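Breakdown of the fold
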Amino acid sequence: MMKTGAEILCESLIKEGVEVIFGFPGGVLLPLYDTLPRYPELRHILVRHEQGAAHAADAYARVTGKIGVCLATSGPGATNLVTGIANAYLDCVPLLAITGQVPTNFIGKDAFQEIDITGITIPITKFNHLVTDIEDLAMLIKEAIYVAKTGKPGPVLLDIPRDVFQGKTEFVYPDKIDLPGFKPKLFGHPSQIKKAADLINTAERPVIIAGHGVNIATAYLELKELAEKSQVPVVTTFLGIGCFPESHVLSYGWLGMHGMGYANKAIHSSDLVIAIGMRFDDRATGLVASFAPNAQIIHIDVDPAEIGKNLPVDVPIVGDVKNVLQVLNKQIVKREHIIWLSQLDEWRAMHPATEIRDHENVLPQYIIRQIHEATRGDAIIVTGVGQAQMWAAQYFFYDKPNSFISSGGLGTMGFELPGAIGAKVGAPNETVWCIAGDGGFQMTVQELATMVQEDLDINIAVFNNGYLGMVRQWQELIYNKRYFGTQLYNPDFVKIAEAYGIKGVRVSKKIDVRPAIEKSMAHKGPFLIEFVVEPEENVYPFVPPGKMLVEFLELPKPATSLKK
Amino acid sequence: MIRKHILIALVQDRPGVLNRIASTIRRRNFNIDSIAVGRIEVPHLSRMTIVVEGDDAKVEQVRKQLDKIIEVIRISDITNDNPVAREMAMIKVKASPSTRSEIIQITDIFRGNIVDVSPDSLIIVVTGNQDKIDTMIELLRGFGIRELSRTGTIALPRGGAGPLTIEEDKPLRHAVEHVPPEDEDLPNW
Ligand SMILES: Cc1ncc(C[n+]2csc(CCOP(=O)(O)OP(=O)(O)O)c2C)c(N)n1
Ligand SMILES: [Mg+2]
C-alpha cells in the first residue's frame, strides 16, 4: 500500500516497539505533526526545549531498556538536541534523534532554518543519515534502531527533509538488514575466558569493578553469581550504581573521585581487578599510572576500542558482558576470601563515607538520607550534576538496577528535570525523585510546564546552596577560597513552581525535612521542595585531580561528632 | 615509536564516510599525511589508503575507533607487512630551450613521463614511493615548479590474500553473525 514518508516513519517506529516520542514541532515537521494524531499508539510528549526532549528520551531509555526517541525541527531545533545527543553518546544510551530538514531542493543553499545536523553530530552519534530518498526511509529507520541498540548502545540520528515526509511510496518494513561493516563481537573468546577464570580461581585479593555495561547487558544475576561463588567484593563505577545491590554483604560502594574511601583502597591493594562493562574513565581511576598498581587486570567490554585505551590490561575479553559472564561462571570455583574481606570491612569502619555529621542546619546529605528512608529505598533517583549529584549517589542506597539515573560521562547540568520526566514516563508506577542543584535546575526549568501538561507525579528537591557548589568547592580547596563566578542570585523557587501550577514548600529547618518529603510523596502530580541547605558544605571523600585513588581527602572532623 | 603508518580500509560507498573517517582521526590529534580513495572490483565498495604519523599504540587505538564506523567493513594496519606502496605526482616545471634537455634527463632517470610540452613549461608524471618523488621534486625545484599535484600513497600487501581480500566463497561478514571464528585470537596487550 502507498504510504507517505510521515506514515512510514510512524508505522516503522510502532513496529520497533516505540511508544513515546519526546518532541517539539516546527515548519518542516508539519506533515509529520499532521500524521501523528492518526497513530495514537505513539504518545507524543511536548517538551519546552529540544534539549529536554533528548534528555527525557535518554532517561526513558535507561529506565526501560528500550530505545528513547526525540524529535526536533530543522535548524535551531536540531542544534538544541546536540547537548542531549552528546550526553547519550558518552553514557552509551540507545537514542534515536529524528530531525526535520528543509526540502531536498533547498539543501546546501543556506535556506531558512537549514543546518547540516548530520555533519554536526558525526562525532557524537554511532550512525547518522540524511534521508534524501523516500525509498530508503524504512531501511534507514531499521538500520538506525538496530545500530543504536546493538553492541555498545548509543545515539543515532536521522535527518528527514520535508518533501520526504510528504512523498509517497509502497511501504514494506524490511525484515533484514545488511550492514557488513557493523560487527559487534557479542561472545567472548573461549581461551581468553579460560585465562580469566584461572586468574580468578587463584587470586588472593580480587575486586570486581562493575560498570554501566552490567546494566546495559542486564547481567545482574550473572554478576551476583560470579561475586558470590568466588566471594569477590564488588565495587561499582558511578554509572554502575545499582547494578549490584548496595545492601549485599559483598558490596563495597563505588570508586573514583568522590567514591568511598574503602572502595578506592580495595582497588589500590588488590591483586586482581575484574573490570566488567566499564571503561576506566579518568574520574574513576584517579592518577591512571598508579591505578591498582599490584593487580592484574581482566577487562570485559563489548567495545574492542576500549581495550587498552586508558591503561594496559592483562586479559582483555571483548564480548557482551552477560554472555561472557555466563561462560565464565561455569569455570569459576567456590572460594573464600575471609582475610581480604575482613581487611575491607576494617577500611569501611575507618572511612565511614555514609555517616552524617551532627549539624544544626539542614545538611544536604541528611536530606538524601531522609528521602531514602521515606521511600524505603524504593524509588528512581534522577540527578543533575554537581555536589547534590554526588550526595545523591553516596547517601541513598541503591538495591535496584537503573534506579540511579545520572549524567556521568558528559556531566550535563540541566539533565535533572527532563531526565525525571523521561524516568517517570518510562516507569509510571515508580516513585521518582528529581535531585536538582539550584544552578542546574535553572538550566532546564521550563520543563516544569511539561510535567504539568503531562500530569507527571514527580518529586522535585531543589538544593538551594546559593552556589554552583561543586565549582565553589574546587575554588575553596584548590584555588585558596577565591570564589568567582560561582555565587548565585536565586529566584524564589516555590513561587516559580506556583507560577507553573506546581505546589511547593520551602524547608530551612531540619525538623521540616521529613514532613515535606512525606507531603510531596502523598501529593499526586508534581511537587517541589526548595531545601535551603548549608551553603559551603563540601563533598567528601575527594581525590584531587592528578592524585591516586588512595590519596582521598576526608572531612576534617572530631570522631565524637559522628552520628549514625 | 613514532613513525608513518599505512592503513588500508574497505568501506561502503555511503555519504559522509570520508567525513567520519577524517573526523575520527582528527579527534585523536593525528595529522593525515595522505588519504586516497577509489572504487574497487565489488560494486558499492571503496578502498582507502590512509597514511598517518604516530605512535604505534595510538595508531592502533585510532584503527579500532575507525573500525567502529558502521561503513568501515575492514581496516588493517599494513605498515609491518612490507607493502608495495606507490604514489603518483604531476609536476609542471618551467622549461626554457636551455634547461629543457636537463629536465628530460632527470625525468628519464626517475622513469617519469613528459605528458605535456608548452613553450615555457613541461608537465611530468612520475610514480614511485614517497621518497623517490620527494627527491625528484627537490631536484626540479631549481628549475622552478609552477604547479604540483600528488595523489597520496596507495598500497597493497605482498603475496596471496591480504587483509581486505574478498574471497568468492567467503562473503563479507554480516551483522547478524556475531560469533568470532575460533582462530581469531586476541593479541596480548
Ligand atoms: C552545562 C554545564 N555547565 C557547566 C558545568 C560545570 N559544573 C559542574 S558542577 C557545577 C555546579 C553545579 O551547581 P548546582 O547545580 O547548583 O549544583 P551544586 O554543585 O551546587 O549541588 C558546574 C557549573 C556543567 N557540568 N554542565
Ligand atoms: Mg548549587
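Procedures and definitions
- Residues numbered from 1 in each chain as written.
- Chains lettered and ligands numbered in written order.
- Predicted model: local features only at pLDDT ≥ 70, side-chain atom pairs only at ≥ 80, totals over all residues.
- Heavy atoms only, no water.
- Helix = DSSP H or I, 4+ residues; strand = E, 2+ residues; numbered from the N terminus.
- Rg over C-alpha atoms; globule rule 2.2 N^0.38 Å.
- Buried < 20%, exposed > 50% of the residue type's maximum accessible area, 1.4 Å probe, protein only.
- Contact = heavy atoms within 4.5 Å.
- Areas by Shrake-Rupley, 256 points an atom, 1.4 Å probe, with all protein chains shown as cover.
- Lys, Arg positive; Asp, Glu negative; His and termini not counted.
- Charge placed at Lys NZ, Arg CZ, Asp CG, Glu CD.
- Core = buried A, V, L, I, M, F, W, Y, C linked by side-chain atoms within 4.5 Å.
- Domains from an automatic or database assignment.
- Donors = N, O, S within 2.8 Å, 3.2 Å for Na, K, Ca; no water.
- Salt bridge = Lys/Arg side-chain N within 4 Å of Asp/Glu carboxyl O.
- Near = heavy atom within 4 Å.
- Polar contact = N/O pair within 3.5 Å; in protein donor to acceptor, adjacent residues only side chain to side chain.
- Nonpolar A, V, L, I, M, F, W, Y, C, P; charged D, E, K, R; others polar.
- Buried area = accessible area lost by both parts, 1.4 Å probe.

**Some thoughts on the overall build of chain A**
Each helix and strand counted, chain A has 22 helices and 22 strands in total. Scaling as 2.2 N^0.38, a compact globule of 564 residues should have a C-alpha radius of gyration of about 24 Å, and chain A matches this with 24 Å. Reported as C-alpha extents along the three principal axes, the dimensions of chain A are approximately 75 × 60 × 40 Å. A total of 564 residues make up chain A; the buried ones form 63% of that total. For chain A, long-range pairs separated by at least 24 residues make up 76% of all intrachain contacts whose partners lie at least 6 apart in sequence. Of the roughly 20,700 Å² of accessible surface on chain A, 54% is carried by carbon and sulfur atoms. Averaged over its 51 positive side-chain charges, chain A has a centre that lies 4 Å from the centre of its 62 negative ones.

**Digging into the nonpolar core**
Residue and element names in this part refer to chain A. With 98 residues, the main nonpolar core has Ile208, Ile267, Ile276, Phe291 and Ile298 as its most contacted residues. Counting contributing residues per domain, this core is built from domain 2 (190-350) and domain 3 (364-532), each supplying no fewer than three. If sequence neighbours within four positions are ignored, isoleucine 267 has contacts with Val207, Ile209, Val235, Leu255, Val273, Phe291, Ala292 and Leu549. The next biggest cluster of nonpolar side chains, apart from the first, holds 50 residues, and it includes Ala53, Val93, Val382 and Ala427.

**Notes on the coordination of the magnesium ion (ligand 2)**
All names here are of chain A. Looking at the metal site, the magnesium ion (ligand 2) is ligated by Asp438 (OD), Asn465 (OD1) and Tyr467 (O), spaced 2.0 to 2.2 Å from it. In primary-sequence terms, the residues that donate to the magnesium ion (ligand 2) follow D-x26-N-x1-Y. Separated by 29 residues along the polypeptide, aspartate 438 in helix α18 (residues 438-441) and tyrosine 467 in the loop between β19 (458-464) and α20 (469-478) bring together distant segments of the chain. Of the residues examined, aspartate 438 reaches a relative accessible area of 1% and is grouped as buried. A relative accessible area of 11% means that tyrosine 467 is categorised as buried.

**So, the pattern of salt bridges**
Pairing is possible between side chains of opposite charge, provided their charged atoms come close. Applying the stated criterion to the full structure yields 38 salt bridges over all chains. The shortest N-O distance in the salt bridge between A:Glu7 and A:Arg38 comes to 3.0 Å. Of the two residues, A:Glu7 sits in helix α1 (residues 5-15) while A:Arg38 sits in the loop between α2 (30-35) and β3 (43-46), which places them 31 residues apart along the sequence. A salt bridge links A:Arg43 to A:Glu454; the shortest N-O distance between them is 3.0 Å. Separated by 411 residues along the polypeptide, A:Arg43 in strand β3 and A:Glu454 in the loop between α19 (447-453) and β19 bring together distant segments of the chain. We classify A:Arg43 as partly exposed; its relative accessible area is 33%. Three or more residues joined by partner-sharing salt bridges are found here, namely A:Lys152, A:Asp303, A:Glu306, A:Lys309 and B:Lys68.

**A look at unusual backbone geometry**
Residues and elements named next belong to chain A. A cis amide bond, omega -5 degrees, links tyrosine 540 with the succeeding residue proline 541. In this structure, aspartate 455 takes a positive phi of about 50 degrees despite not being glycine. Positive phi, close to 65 degrees, is recorded for lysine 481, a residue that is not glycine. Within the secondary structure, lysine 481 is located in the loop between α20 and α21 (493-499).

**Some thoughts on the site of ligand 1**
All names here are of chain A. Taken together, 17 residues are adjacent to ligand 1, and Gln387, Gly411, Asp438, Gly440 and Gly469 come closest. Here an oxygen atom of ligand 1 and a backbone polar atom of glycine 439 are 2.8 Å apart. Contact with the protein chains covers 76% of the free accessible surface of ligand 1, which is 590 Å². Within the residue set of the shell around ligand 1, elements represented by two or more residues are α16 (387-395), α18 and α20. Looking at the shell around ligand 1 residue by residue, the classes come out as 8 nonpolar, 8 polar and 1 charged.

**A look at the domain arrangement of chain B**
Split by domain assignment, chain B resolves into domain 1 (2-83 + 162-178) and domain 2 (84-150). Distance between the C-alpha centres of domain 1 of chain B and domain 2 of chain B: 31 Å.

**Details of the domain arrangement of chain A**
All names here are of chain A. What the domain assignment reports for chain A is domain 1 (2-170), domain 2 (190-350) and domain 3 (364-532). The gap between the C-alpha centroids of domain 2 and domain 3 is 31 Å. Counting residues at the interface gives 16 residues for domain 2, matched by 18 residues for domain 3. Buried area between domain 2 and domain 3, both sides added, is near 1,400 Å², and the carbon and sulfur share of it is 61%. Counting the surface domain 2 buries against domain 3, the share from its top three residues, Phe238, Glu246 and His258, is 39%. In this assembly, domain 2 and domain 3 are joined by 0 salt bridges. Run the count over domain 2 and domain 3 and you get 6 residue pairs in polar contact (both at pLDDT 80 or more). In terms of residue class, the side of domain 2 that touches domain 3 is built from 9 nonpolar, 4 polar and 3 charged.

**Observations concerning the side chain of A:Ser520**
Residues and elements named next belong to chain A. Within the secondary structure, serine 520 is located in helix α22 (residues 513-522). A distance of 2.6 Å separates a polar atom in the side chain of serine 520 from a polar atom in the side chain of asparagine 459. With residues near it in sequence (within four places) discarded, serine 520 still touches Trp433, Asn459, Phe527 and Ile529.

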